[in-house]
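This is what each chain is made of:
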Amino acid sequence: TPAPLSEPTTPDRVLYDVVRVVDGDTVRIMKDGAEVTLRLIGMNTPETVDPRTSVECFGSEASNKAEELLTGQQVSLEMDAGQGTFDKYHRTLGYIRRDDGLFFNEWMIKNGYAYEYTYDGAYKYQSEFKAAERHARENELGLWSSDTCSGKLEF
């Protein structure tokens, strides 16, 4: 089992209010007086809001879990210089931790609500996220369960 990547909140960590959960891998936070859309690095969840595709297997569960874990919460934002600041849709790229230290990106993968996703190149927590996905697969958690999607995202 991979070690959890949570760390206690430190006094110098800046916390931002979660304004809205868009889906399992995209959230909106209030930063410097403006709403900012974050696309979370290293993870992908089954689609629920993309108008070009139908809702994928376990997408609703992933979005609901993200809402449960993040609604009304404050999060810290960690950027990754190796990934750039924005994606092609101009969403800010980052990792988030709740104020209690829960590393959201990793938690979603480790518990089968997301899978590890390398977009263009290696990122800071790639080996940890790959280990988290192995854990979810081996334990048939969430989207890896034979009772749900068996790792296949389409219905």
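Residues numbered from 1 in each chain as written. Predicted model: local features only at pLDDT ≥ 70, side-chain atom pairs only at ≥ 80, totals over all residues. Heavy atoms only, no water.

A.B. asks: What is the right way to read the pairing of strand E1 (residues 16–23) from this model?
C.D. replies: For a regular strand, the rule is simple: side chains alternate between the two faces of the sheet. Both E1 and strand E5 (residues 74–78) contribute to a ladder of 2 bridges, which runs antiparallel. Directly across from Tyr 16, in E5, lies its bridge partner Val 75. Bridge count for E1 against strand E2 (residues 26–31) is 5 bridges, and the pairing is antiparallel. By the bridge assignment for E2, Arg 20 is matched with Arg 28. (Pairing = 2+ DSSP bridges. Helix = DSSP H or I, 4+ residues; strand = E, 2+ residues; numbered from the N terminus.)

A.B. asks: Looking at this model, I keep getting lost on the side chain of Glu 56. Mind explaining?
C.D. replies: Looking at the element boundaries, Glu 56 is found in the loop between strand E4 (43–44) and helix H1 (59–70). A distance of 2.8 Å separates the side chain of Glu 56 from the backbone nitrogen of Glu 47, its partner in a polar contact. (Polar contact = N/O pair within 3.5 Å; in protein donor to acceptor, adjacent residues only side chain to side chain.)

A.B. asks: Would you take a moment to explain the state of the cysteines for this structure?
C.D. replies: One covalent bond between the sulfur atoms of two cysteine residues makes up a disulfide. Taken as a whole and assessed by the stated rule, the structure comprises 1 disulfide. Between the sulfur atoms of Cys 57 and its disulfide partner Cys 149 the distance amounts to 2.0 Å. A torsion of -90° about the S-S bond marks the disulfide between Cys 57 and Cys 149 as left-handed. Of this pair, Cys 57 sits in the loop between E4 and H1 while Cys 149 is found in the segment after helix H3 (126–138), placing the two residues 92 residues apart along the sequence. The buried category is assigned to Cys 57, whose relative accessible area is 10%. (Disulfide = S-S within 2.5 Å. Buried < 20%, exposed > 50% of the residue type's maximum accessible area, 1.4 Å probe, protein only.)

A.B. asks: Help me understand the nonpolar core, please; the structure alone is not making it clear to me.
C.D. replies: Note on soluble globular proteins: their nonpolar side chains tend to be buried together. Of all hydrophobic cores here, the largest spans 36 residues; its most connected members are Ile 29, Leu 38, Leu 70, Ile 96, Phe 104 and Met 108. Within the residue set of this core, elements represented by two or more residues are E1, E2, strand E3 (34–40), H1, E5, strand E6 (92–98), helix H2 (104–110) and H3. Per-element accounting of this core gives the leading share, 4 residues, to H1. (Core = buried A, V, L, I, M, F, W, Y, C linked by side-chain atoms within 4.5 Å.)

A.B. asks: Honestly, unusual backbone geometry in this entry has me stumped. Any pointers?
C.D. replies: Working note: non-glycine residues mostly have negative phi, and peptide bonds are mostly trans. Positive phi values are uncommon outside glycine, yet Asp 32 reaches one of about 55°. For Asp 32, the location among the structural elements is in the loop between E2 and E3. Among the residues examined, Asp 32 registers a relative accessible area of 70% and is labelled exposed. Even without a glycine there, the phi angle at His 90 is positive, about 65°. Its place among the elements puts His 90 in the loop between E5 and E6. Residue classification places His 90 among the exposed positions, given a relative accessible area of 58%.

A.B. asks: So what exactly am I meant to see when it comes to H1 here?
C.D. replies: Side chains of residues three or four places apart in an α-helix project in the same direction, reflecting 3.6 residues per turn. With 12 residues, H1 should reach 16 Å at 1.5 Å per residue; the first-to-last C-alpha distance of 16 Å fits that figure. The set of residues buried in H1 consists of Gly 59, Ala 62, Ser 63, Lys 65, Ala 66, Leu 69 and Leu 70. For H1, the arc enclosing every buried residue in end-on projection is 160°, short of the 170-degree limit, so these residues lie on one face. Where H1 is buried, its residues contact E1, E2, E5, E6 and H2. (Expected span 1.5 Å × (residues − 1). Arc of directions from axis to C-beta. Contact = heavy atoms within 4.5 Å.)

A.B. asks: Hey, could you run me through the pattern of salt bridges in this one?
C.D. replies: This model, assessed by the stated rule, comprises 10 salt bridges. Two residues, Lys 31 and Asp 32, come together in a salt bridge whose shortest N-O distance is 3.7 Å. With a closest N to O distance of 2.6 Å, Arg 91 and Asp 87 form a salt bridge. Judged by its relative accessible area of 17%, Asp 87 is buried. (Salt bridge = Lys/Arg side-chain N within 4 Å of Asp/Glu carboxyl O.)

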